[in-house]
Structure formats: C-alpha cells, structure tokens
Amino acid sequence: MAYQFVAVNEAGKKIRGRLNGTEAEVVRDIRGRGWTLVSIEPDTSNSSRSVGRLTEADLETVFSRLSYLAESGVKVDRAFALLSRGNLPEHLKSFLDDIGYRLNQGETLYQSLQQYSDQIDDIYLASIRLGEEIGSLGTTFGFIASSLQSRIRLRKDIQKATIYPAAIVVFSLLSLFFIFNFIVPRITGIFQGVEEIPWYTAMLMAASEVSIDYQFHLLGLVLGGAILVGWGMNQPAYREAAYQAMFRIPGIRGFLQQSEQIRFCGAMSLALGSGLLMYDALNIASETVKNPVSRNSLRNAAREISEGKGAAEALSNAHFLTEFHASLLEVSQDRDALRAAFADIAARLEEELNGNVSRMLILMEPALIGIMGVVIGGIVLIMMLSILSIQNIGL
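For clarity, every value in this text was computed on a predicted model and none was experimentally measured.

**Focus: the overall build of the protein**
Logical step 1: Across its full length, the protein holds 15 helices and three strands.
Logical step 2: Scaling as 2.2 N^0.38, a compact globule of 395 residues should have a C-alpha radius of gyration of about 21 Å, whereas the protein reaches 30 Å, well beyond that.
Logical step 3: Considering only C-alpha atoms, the protein reaches an extent of 105 × 60 × 30 Å along its principal axes.
Logical step 4: The buried share of the protein, taken over its 395 residues, is 40%.
Logical step 5: The contacts of the protein with a sequence gap of at least 6 include a subset with a gap of at least 24, amounting to 61%.

Next up, the structure:
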C-alpha cells in the first residue's frame, strides 16, 4: 500500500511525498533518512490517479510554466509543487506529483524525467541534463517550450488543411449512400417485367443491390479498419513501418522530408542553445529523424565533425538540408551563431511547408469536387437515361 507523508529534513525543509509499504515500513524509512515525520495517511488517490499518456500540449504547458518560475528564481522542486496545485488535468497533476516526489528523494530532474523517456524526446532530456550541470534550467525550459510550440503549430496547420477535403469526401459518400438506398430502388420498380434492360441501368441496379445487401458489412469493415489503424499508430513498430511506406510515395515524401528537416533544425537550435557541443547536439538531434537513410547520413556528419571537419561542410555532405539552407551555416562559426542559424532555417522551412500545403489544397479541393461531381453526376445521368429508355421500350 502507498502512503502520503509530510516530513521535515535536517535543514528544516518541508518535504511531501509518497512511499510504498506498510505504515510501519514507511515510518521507519522516513526516520532512517533523518527526517522528522509530521503526518502520514493512506494514499487513496493511487487507484484513480495514474500518469496517462502525456501529449505535446501537456509538456508545453509544463515547460512554459517551469520556464517562468525558474526565471523568477523559484527552485525546481518548489516549482513542481506549485504547478501540481494548479488547475490542470488529473494525469498531468499525477505526473507533476511524481516528479516532485522523486526530486524530494534526492534525484536530479534529469533522473526523474528519465522514467518518462518513452514520452519525452532524448533531445529534451539531454538539454535538461546539461541545463542542470551549468545552472541554466530556466533558459532550457524556455527553449523546450518554444520547440514544443513549433511542433504543435505545425501539426495543427496540417490538421486544419485536411478538414475541408475530408468534409467533401464524407458528404459525397453520404450522397452516394442516399442515392443507392432510396432513389435507385424506386427506379428499379419501373423495370419490373421488362425483358431487355440497358446495360448501364443493369449496372446501376446491381450496384444499388450490393450497397443495400452489404452496407452494414462495409460499415463494419471501415470502422474495423479505422480501429486497427488507430491501434497500430500506438505501436512503435507499426508506426515506423507505416511511416517508411508513406516515405516511398512521391507526392507525400516531400512533405515528410520537410517536416523532418523542421524537427531536426529545431532540435539543433534547442541543443546548441542549451550548451551542447556541435558533435553531441548533432548525434542527439539525428534521433528526431525517422528516415533511416537520412539519420545515418547525419550520424556520419557528426563523426566527420568529431574528426575536425566544419559543421557546414559535414552537413552539406549529408545531403539532408538543401544547398541554400546548408549555405546559411557557412557564415556561422560559434555555437550561438549556429543556434540562431538553425532556428532561422526551421522558421523558413515551416513557412515553406505551410505554403506547399496551401498550394496542394488549392489543387486538391477542385480535384475532389470534380471527381465526386463526375461520379454523382454520372449516376444521376444514368438514372435519367434509364427513365427515358423505359419510354422507348414501351414504344
């Protein structure tokens, strides 16, 4: 069983935390640390409060507030305690409580956050470790929050860009469902007893019968596929395989490549701003690149830098960034200049990606409308020709 406790250490500092075990074991553990126990009670929240999946928005909220508190002179353990009392979702409060407890146990912030390494990028963890060592956690928190804001903004831009095309497709499918289930069956009754039916009418009637007979099967197949895809996207192996498959599609590859360049440049800016050397920053930032060919080329660039080659030349040989973007690094010699250059490249790439998405939508929207117009208009035309043909048959 877990117990919540309040104690005072030898320095007179009040400590709040949780320990597992019997009450006697917890009391003995607290006194063994040299702390004076103030209060202890069973932790009834453990059964209902667990740290769920942390989203990028959750992490951005935490690190942006930590940045403000740290810059205001609040110590990191006190900052986590203050944040956990705020108006936040339960899973986020549990996360803050857990980190605060680990800090009170004597762990560093880097060691505490390592328990969530599957949800927090290595580049952020490495920056926090260095920030603790050189005493610049406030600046590090600010860089991390800014990086997360850029990621969230990029994802939202892409999501907003797909809403209108998706609405067109859904509306068109609903229109087809209505036509095949309610309109075509009415026309079918007109042809009862007719021996020779036009081929296009027979095809339309067959499609309507299939839609009516198997519509629930099709619906179940679509829902099952959606559930399977949603489950698979939470599996790292499946997600990696799906990403690699999409990376081979010519039209999508360019967008994925740009998004990887944005993540990489943002990670480099964060790492260099946190004080990492170019070699270490490049090694860690390369882990944000999912394409194995590009990732290996960046690792080779890091090795070349460790052997004395310039950063601009090594990255140019990696062929990951465009020649124009790589050239921006040539005039940047020190770490601060390189950090600013990578931040500028990330901003340029993000603006370029938004422009490409906008241009794609300009072409996609009329194309979708045209395709669905041809399909639905063709069905309506077939129905009109079928009605006219029954008059000819009667003559």
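**Topic: the layout of surface pockets**
Logical step 1: What the second largest pocket holds in volume is close to 660 Å³.
Logical step 2: Lining the second largest pocket are 24 residues, and of these Arg16, Gly17, Ala81, Ser84 and Asp97 lie nearest its centre.
Logical step 3: If you list the elements that add at least two residues to the lining of the second largest pocket, you get β1 (2–8), β2 (14–20), β3 (36–42), α3 (76–84) and α4 (90–104).
Logical step 4: The class makeup of the residues in the lining of the second largest pocket is eight nonpolar, six polar and 10 charged.

**Focus: a nonpolar patch on the surface**
Logical step 1: Taken together, the side chains of Phe177, Phe178, Phe182 and Ile183 present a nonpolar region at the surface, about 380 Å² in accessible area.
Logical step 2: Among the secondary structure elements, Phe177 is positioned in helix α7 (residues 137–188).

**Side note on the side chain of Asn291**
Logical step 1: Assignment of secondary structure puts Asn291 in the loop between α11 (278–285) and α12 (292–306).
Logical step 2: Judged by relative accessible area, Asn291 falls into the buried class, the value being 7%.
Logical step 3: A polar atom in the side chain of Asn291 sits 3.1 Å from the backbone nitrogen of Ser294.
Logical step 4: Those residues within four positions of Asn291 in sequence are excluded, and the remaining contacts are Tyr243, Gln244, Phe247 and Glu260.

**So, the environment of Asp77**
Logical step 1: Mapped onto the secondary structure, Asp77 falls in helix α3.
Logical step 2: Not counting residues within four places of it along the chain, the set of residues in contact with Asp77 comprises Lys13, Leu103 and Asn104.

**A look at the packing of helix α10 (residues 250–273) against α11**
Logical step 1: Relative to each other, α10 and α11 sit at 145°, their axes nearing to 9 Å. Both α10 and α11 take part in a crossing whose hand is right-handed. Only Met278, Ala281, Leu282 and Ala285 of α11 make contact with α10, whose side of the interface consists of Phe264, Ala267, Met268, Ala271 and Leu272.
Logical step 2: Here the contact of α10 with α11 is built from residues that sort into nine nonpolar, no polar and no charged.

**Here we look at unusual backbone geometry**
Logical step 1: The backbone phi angle of His319 is positive, close to 55°, even though this residue is not glycine.
Logical step 2: Here His319 shows up in the loop between α13 (311–318) and α14 (323–327).

**Looking at the pattern of salt bridges**
Pairing of side chains with opposite charge becomes possible as their charged atoms draw close.
Logical step 1: With the rule as written, the count across this model stands at six salt bridges.
Logical step 2: Between Asp98 and Arg102 there is a salt bridge, with the nearest N and O atoms lying 3.1 Å from each other. Pair noted here: Asp98 and Arg102 are both in helix α4, with a separation of four residues, about one helical turn.
Logical step 3: Of the residues examined, Asp98 reaches a relative accessible area of 13% and is grouped as buried.

**Some remarks on the confidence of the model for the protein**
Logical step 1: Confidence in the prediction of the protein, expressed as mean pLDDT, is 81, and 93% of residues score 70 or more.
Logical step 2: Put simply, β2 is where the protein has its lowest mean pLDDT, 70, and helix α2 (residues 56–71) is where it has its highest, 90.
Logical step 3: Within the model, the stretch residues 46–50 combines pLDDT values under 50 with eight contacts to residues more than four positions away or in other chains.

**Quick word on the packing of helix α6 (residues 122–134) against α7**
Helix packing for two helices is described by the angle between their axes and how far apart those axes are.
Logical step 1: Look at α6 against α7: their axes get within 8 Å of each other, and the N-to-C directions meet at 165°. On the basis of their axis angle, the class for α6 and α7 is roughly antiparallel. When you trace α6 past α7, the crossing you get is right-handed. Across from Tyr124, Ser127, Ile128, Gly131 and Glu132 in α6, the residues of α7 making contact are Leu137, Thr140, Phe141, Ile144, Ser147, Leu148 and Arg151.
Logical step 2: Taken together, the residues of the contact of α6 with α7 break down into six nonpolar, four polar and two charged.

Rules of the game
- Residues numbered from 1 in each chain as written.
- Predicted model: local features only at pLDDT ≥ 70, side-chain atom pairs only at ≥ 80, totals over all residues.
- Heavy atoms only, no water.
- Helix = DSSP H or I, 4+ residues; strand = E, 2+ residues; numbered from the N terminus.
- Rg over C-alpha atoms; globule rule 2.2 N^0.38 Å.
- Buried < 20%, exposed > 50% of the residue type's maximum accessible area, 1.4 Å probe, protein only.
- Contact = heavy atoms within 4.5 Å.
- 1 Å grid on protein atoms, 1.4 Å probe; cavity = no way out; pocket = protein on both sides within 12 Å on 5 of 7 lines; lining within 4 Å.
- Points joined across faces, edges and corners; volume = space filled by probe spheres on them.
- Nonpolar A, V, L, I, M, F, W, Y, C, P; charged D, E, K, R; others polar.
- Patch = residues over 30% accessible without salt bridge, like charges linked within 9 Å, V, L, I, M, F, W, Y side chains within 5 Å.
- Areas by Shrake-Rupley, 256 points an atom, 1.4 Å probe, with all protein chains shown as cover.
- Salt bridge = Lys/Arg side-chain N within 4 Å of Asp/Glu carboxyl O.
- Polar contact = N/O pair within 3.5 Å; in protein donor to acceptor, adjacent residues only side chain to side chain.
- Axes fitted to C-alpha atoms, helices over the stretch in contact; angles between N-to-C directions.
- Left-handed = near helix turned anticlockwise from the far one by under 90°.
- pLDDT = per-residue confidence, 0-100.
- Parallel < 35°, antiparallel > 145°, perpendicular 65-115°, else oblique.

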